[in-house]
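# Coordinate inspection notes
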Amino acid sequence: MNGEQTAVALHAADSITRAGVTAALRSRPEIRLVEPDEPAPVALVVLERLDGAAQQLLRRLQVQGSPNIVLVAGDIADPELLNIISSGVSAVIRRSDATPDTLVRLVKATAAGQGALPPDLLGRLLDRVSRLQRNVLNPNGWTMAGMSDRETEVLRLIADGFETKEIADKLCYSQRTVKSILHDITNRFQLRNRAHAVAFALREGLI
């Protein structure tokens, strides 16, 4: 990977920013800048602030299947951190810290499937996730993965080899309820069947 050139689709807030980033990275042999509408393994998004237009751009890139996003932005408020991560951003750096060397490093790391956050942003993100889990999810019986206690219990019993009727009897549910729970899980996480659902839950450490 280190010796390969990585194609990077550049998305900038304005033409001056785009020209500056292009000039800074044009001579770097490790990357090749392409137009925003061209396919590329990494999207480099350079913004001043995370306003509504910025959030729309990140969501559009996610919908379009951009696998790796490097975000360069000004100051980032705590409420924006979860939105950034949930929008598929793999690496974040402040504009004041962005140099050609750091951008190339983040692009290469992101292309290799790695993520990166400044230490203070990582600490703030973990604190926010912890408060979300403690104050919102736990009281309502949900996990960070978006599954309720009863959903994980159904999957745990499926993993143990129980059939729908047996699960219904054990949990005092109707068979229809068990089937509905499984249907909700497979739809929400785009899973193919109950075996895929169990594999997903095992991989995510839910059961």
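Above this text you will find the structure in question.
What you see is a predicted model, and the numbers here were worked out from it, not measured in a lab.

Once that is clear, we can look at the overall build of the protein chain. Counting its regular elements, the protein chain contains nine helices and five strands. Each helix and strand of the protein chain, ordered N terminal to C terminal, gives the series β-α-β-β-α-β-α-β-α-α-α-α-α-α. Expressed as a percentage of the 207 residues in the protein chain, the buried residues total 38%. Here the contacts in the protein chain between residues at least 6 apart in sequence split such that 63% fall between residues at least 24 apart. In the form shown here, the protein chain has an accessible surface area of approximately 11500 Å², with 50% of it arising from carbon and sulfur atoms.

With parallel pairing, five strands are arranged side by side in an open sheet as β2-β1-β3-β4-β5. Here the strands that pair on one side only, and so sit at the sheet edges, are β2 (31-34) and β5 (89-94). Here the average twist between neighbouring strands, direction ignored, is 25 degrees. One ladder, built from five bridges, connects strand β4 (residues 69-73) with β5; its direction is parallel. Each residue of the ladder has a partner; that of Leu71, found in β5, is Val92. Strands β1 (6-12), β3 (42-46), β4 and β5 of the sheet are contacted by helix α2 (residues 52-63), whose axis makes an angle of about 175 degrees with β3. Contacts from helix α4 (residues 100-111) reach β1, β2, β3, β4 and β5 within the one sheet, and its direction differs from that of β5 by about 170 degrees.

A separate point is helix α7 (residues 164-171). Every buried residue of α7 is listed here: Thr164, Ile167 and Ala168. Down the axis of α7, the buried set is contained in an arc of 100 degrees. They therefore lie on one face. Where α7 is buried, its residues contact α6 (149-159), α8 (175-188) and α9 (194-203). Positive phi appears at Cys172, one or two residues downstream of α7, with a value of about 60 degrees.

Of the pairings in the sheet, the one linking β1 to β2 comprises four bridges and is parallel in character. If you follow Ala7 over to β2, its bridge partner there is Arg32.

This brings us to the environment of Asp51. Structurally, the position occupied by Asp51 is in the loop between β3 and α2. Judged by relative accessible area, which is 32%, Asp51 ranks as partly exposed. Separated by 29 residues in sequence, Asp51 and Glu80 place their C-alpha atoms 9.6 Å apart.

Here is what the cut-offs are and how they apply
- Residues numbered from 1 in each chain as written.
- Predicted model: local features only at pLDDT ≥ 70, side-chain atom pairs only at ≥ 80, totals over all residues.
- Heavy atoms only, no water.
- Helix = DSSP H or I, 4+ residues; strand = E, 2+ residues; numbered from the N terminus.
- Buried < 20%, exposed > 50% of the residue type's maximum accessible area, 1.4 Å probe, protein only.
- Contact = heavy atoms within 4.5 Å.
- Areas by Shrake-Rupley, 256 points an atom, 1.4 Å probe, with all protein chains shown as cover.
- Pairing = 2+ DSSP bridges.
- Axes fitted to C-alpha atoms, helices over the stretch in contact; angles between N-to-C directions.
- Arc of directions from axis to C-beta.

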